[in-house]
Amino acid sequence: MYTVMDSPVGDLRIVERDGAISAIEFSPFRDHDGRPRGARQDDHPLLVEAVTQLRAYFARELKEFDLPLAPDGSAFQTAVWDQLQKIAYGDTASYGEIAHRLGRSNAASRAVGLANGSNPIPIVIPCHRVIGANGTLTGYAGGLERKQALLELEQDALF
């Protein structure tokens, strides 16, 4: 099941499956991609809690999410997504840094980038905090404007 909320980065569709958040999708939504979503249920307790926490994040009142997550991916993708959750609010890391944290060389940076781009639960699993080695913003599944907005939101909240 899912719900939709408005946010400073556009509408977000939050998907719950088997008692965990399985996806957060940016609008425009792709309904015919084969991903199971179920029916809309705005009053489901986990979805209500996810919306509450996301609203607090956007209001700069929440820096760490506490939600059960179930991203669907390969073992490598899951390892990358676990590392993303260790990047603190307001901090960034490069693709190479994530590769090194996984015990890999810089050659794995591209694979880290692909896993980062496949993250099904953006914002909560903070793939927006991964930047290029030279500090530039690189690709983001939600678009670079959203990535920049999320990074600015976190930086502004620190000062």
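Parameters and conventions
- Residues numbered from 1 in each chain as written.
- Predicted model: local features only at pLDDT ≥ 70, side-chain atom pairs only at ≥ 80, totals over all residues.
- Heavy atoms only, no water.
- Phe/Tyr/Trp six-rings, centres within 6.5 Å; stacked < 30°, edge-to-face > 60°.
- Helix = DSSP H or I, 4+ residues; strand = E, 2+ residues; numbered from the N terminus.
- Buried < 20%, exposed > 50% of the residue type's maximum accessible area, 1.4 Å probe, protein only.
- Lys NZ or Arg CZ within 6 Å of the ring centre and 35° of its normal.
- Core = buried A, V, L, I, M, F, W, Y, C linked by side-chain atoms within 4.5 Å.
- Contact = heavy atoms within 4.5 Å.
- Pairing = 2+ DSSP bridges.
- Axes fitted to C-alpha atoms, helices over the stretch in contact; angles between N-to-C directions.
- UniProt positions renumbered as here; feature names shortened; annotations may be inferred.

A. Layout of the packing of aromatic side chains. Using the criterion set out here, one finds 3 aromatic pairs in the structure. Here the aromatic rings of Tyr57 and Tyr89 are separated by 6.1 Å at their centres, their planes lie at 85°, and the arrangement is edge-to-face. Linking Tyr57 in helix α1 (residues 45-58) with Tyr89 in the loop between α2 (75-84) and β4 (93-94), this pair joins segments that are 32 residues apart in sequence. For the pair formed by Tyr57 and Tyr89, the shared burial category is buried. Among the aromatic residues, those joined into a cluster by ring pairs are Tyr57, Phe58, Phe65 and Tyr89. Directly above the ring of Tyr2 sits Arg13, whose terminal nitrogen or CZ lies 5.5 Å from the centroid.

B. Highlighting the nonpolar core. Ranked by internal contacts, the top residues of the largest apolar core, which has 39 residues, are Ile14, Leu54, Tyr57, Phe58, Leu84 and Ile123. Mapped by element, the contributors of at least two residues to this core are β2 (12-17), β3 (20-26), α1, α2, α3 (95-101), α4 (109-117) and α5 (144-158). Ignoring any residue separated from it by four or fewer positions in sequence, one finds Ile123 in contact with Val9, Leu12, Phe26, Leu54, Tyr57, Phe58, Phe65, His128, Tyr140 and Leu150.

C. Structural detail: the sheet that holds β3. In space, the 3 strands of this open sheet follow the order β1-β2-β3, with antiparallel pairing throughout. If you trace the sheet from one side to the other, it starts and ends with β1 (2-5) and β3, each paired once. Ignoring which end each strand starts from, the neighbouring axes of this sheet average 20° apart. Both β2 and β3 contribute to a ladder of 6 bridges, which runs antiparallel. By the bridge assignment for β3, Val15 is matched with Ala23. On the sheet, α1 packs against β1, β2 and β3 and is oriented at approximately 140° with respect to β2.

D. Quick look at the pairing of β1. Pairing of β1 with β2, which is carried by 4 bridges, proceeds in the antiparallel orientation. When the sheet's bridge partners are listed, Met5 is paired in β2 with Leu12. Here β1 hands over to β2 after 6 residues, with Gly10 in that stretch at a positive phi of 100°.

E. Region of the structure containing the UniProt feature "active site" (unreviewed entry) in the protein chain. When the UniProt feature table is mapped onto this chain numbering, "active site" (unreviewed entry) sits at Cys127. Within the secondary structure, Cys127 sits in the loop between α4 and β5 (130-131). With relative accessibility at 4%, the residue Cys127 sits in the buried group. Apart from the residues lying within four places of it in its own chain, the contact partners of Cys127 are Leu84, Asn116, Asn119, Pro122 and Tyr140.

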